Amino acid sequence: MTTCNLPLLALYDRIASIYDPWSRSVTEDVGFYVEQALASGGPVVELAVGTGRIAVPIARAGISVIGVDASPEMLGFARRAAESAGVAELLDLRLGDLRDPPVPERVPLVICPFRSLLHMETEDEKLRALRAARSLLEADGHFVFDVFSPSPEDIEETDGRWLEREPEIFERADWDEGTRTLSLSIRSGDDVTTFGLHWLSAPEWLHVLDEAGFDVDVVYGWFDLRPFNGEEDMIFVCKAR
Ligand SMILES: C[S@@+](CC[C@H](N)C(=O)[O-])C[C@H]1O[C@@H](n2cnc3c(N)ncnc32)[C@H](O)[C@@H]1O
């Protein structure tokens, strides 16, 4: 069955059961975000917390996390992962939209890992999300997130091809350089789910971050803290002005 035009919430509900197997190889960011959380002292808000891939390791490091996500199914997996890890009391999961998060608390660190901000379709939506993140921060608090902007080589290599990302889980990238949208399809069995990721260039991110009231402390090019040098990946560490 093919599902292309459902709202994002429903799309992530549909892939919640394969999200962890699908993202199994994505481990390079976990230590980075745990270090950020430890340095902040917590508590931490994770916007688009998903199945707790990052939030559970942060909680295991002893830092409490408020996790917001629009998908009840993804949150169900996060709750069970926290229970299995014995850190359920450190993980406060809330159903909601990251553009209007149900979080009255103010914290020293807000994070939005694994390119989740690219689910915001337009620059205006991204600005709305950034302003929401900023509103959650204490004075001198930090917002840390990662995104990407594809290289021509990556587009050339992957466009329109089904690739077996994990056993029995296939992924296909359809790139539209005009609208700067990646339509990412995930197939498991007969089920195909497609969602959009909408990228910006680094200068455009800097512009929208400035508009949202952030100063950028540093932009890394990877989670090993190498400086950003025009590569695909960008990790922004920002401070509320
Ligand atoms: C790529 S996953 C990232 C999950 C987790 N942060 C991680 O690193 O594995 C993207 C998540 O964003 C959530 N999401 C998408 N749009 C959202 C929105 N407007 N508000 C809240 N969550 C949203 C989805 O439900 C999904 O769980």
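All of these numbers come straight from a predicted model, not from anything done at the bench. (Residues numbered from 1 in each chain as written. Predicted model: local features only at pLDDT ≥ 70, side-chain atom pairs only at ≥ 80, totals over all residues. Heavy atoms only, no water.)

Draft legend 1. View of the overall build of the chain. From N to C terminus, the chain includes seven helices and 12 strands. The C-alpha atoms of the chain give 17 Å as radius of gyration, which agrees with the globular expectation for 241 residues (18 Å, within 12%). Taking the principal axes of the C-alpha coordinates as reference, the chain spans close to 45 × 40 × 30 Å. Looking at the 241 residues of the chain, the share that counts as buried comes to 50%. (Helix = DSSP H or I, 4+ residues; strand = E, 2+ residues; numbered from the N terminus. Rg over C-alpha atoms; globule rule 2.2 N^0.38 Å. Buried < 20%, exposed > 50% of the residue type's maximum accessible area, 1.4 Å probe, protein only.)

Draft legend 2. Molecular detail of the packing of aromatic side chains. Tallying each qualifying case throughout the model produces 16 aromatic pairs. Ring geometry for tyrosine 12 and tyrosine 19: centres 6.5 Å apart, planes at 55 degrees, overall tilted. An identical accessibility class is assigned to tyrosine 12 and tyrosine 19; each is buried. Among the aromatic residues, ring-to-ring pairing joins Tyr12, Tyr19, Trp22, Phe114 and Phe195 into one connected group. In this structure, arginine 53 is placed above the aromatic ring of phenylalanine 114, and the distance from its NZ or CZ to the ring centre is 4.8 Å. Geometry around tryptophan 162 places arginine 187 over its ring, the cationic atom sitting 4.6 Å from the centre. (Phe/Tyr/Trp six-rings, centres within 6.5 Å; stacked < 30°, edge-to-face > 60°. Lys NZ or Arg CZ within 6 Å of the ring centre and 35° of its normal.)

Draft legend 3. Representation of unusual backbone geometry within the structure. Cis rather than trans, the peptide bond between glycine 42 and proline 43 has omega equal to -5 degrees. Along the chain, proline 43 falls in the loop between helix H2 (30-40) and strand S2 (44-47). Even without being glycine, aspartate 140 reaches a positive phi, approximately 70 degrees. One non-glycine residue, leucine 225, lies in the positive phi region at around 75 degrees. Counting through the fold element by element, leucine 225 comes out in the loop between strand S11 (214-220) and strand S12 (233-240). With relative accessibility at 43%, the residue leucine 225 sits in the partly exposed group.

Draft legend 4. Seen up close, the side chain of histidine 198. Looking at where histidine 198 falls in the secondary structure, it is placed in strand S10 (residues 191-198). Taking the relative accessible area as the measure of exposure, histidine 198 reaches 10% and is therefore buried. In this structure, histidine 198 is in contact with Leu118, His119, Met120, Glu121, Lys126, Arg180 and Thr181, ignoring residues within four places of it in sequence. (Contact = heavy atoms within 4.5 Å.)

Draft legend 5. Molecular detail of the site of the ligand. Neighbouring the ligand are 22 residues; Tyr19, Glu46, Ala48, Arg53 and Asp69 lie closest to it. Note that a nitrogen atom of the ligand is positioned 3.2 Å from one of the backbone N or O atoms of alanine 70. Compared with its free state, where it exposes 600 Å², the ligand has 97% of that area covered by protein. Across the shell around the ligand, the residue classes tally to 12 nonpolar, five polar and five charged. (Near = heavy atom within 4 Å. Polar contact = N/O pair within 3.5 Å; in protein donor to acceptor, adjacent residues only side chain to side chain. Areas by Shrake-Rupley, 256 points an atom, 1.4 Å probe, with all protein chains shown as cover. Nonpolar A, V, L, I, M, F, W, Y, C, P; charged D, E, K, R; others polar.)

Draft legend 6. View of helix H7 (residues 202-211). Taken together, the buried positions of H7 are Ala202, Trp205, Val208 and Leu209. For H7, the angular spread of buried residues about the axis comes to 125 degrees, placing them on one side. After H7 finishes, the residue glycine 213 shows a positive phi value of roughly 95 degrees. (Arc of directions from axis to C-beta.)

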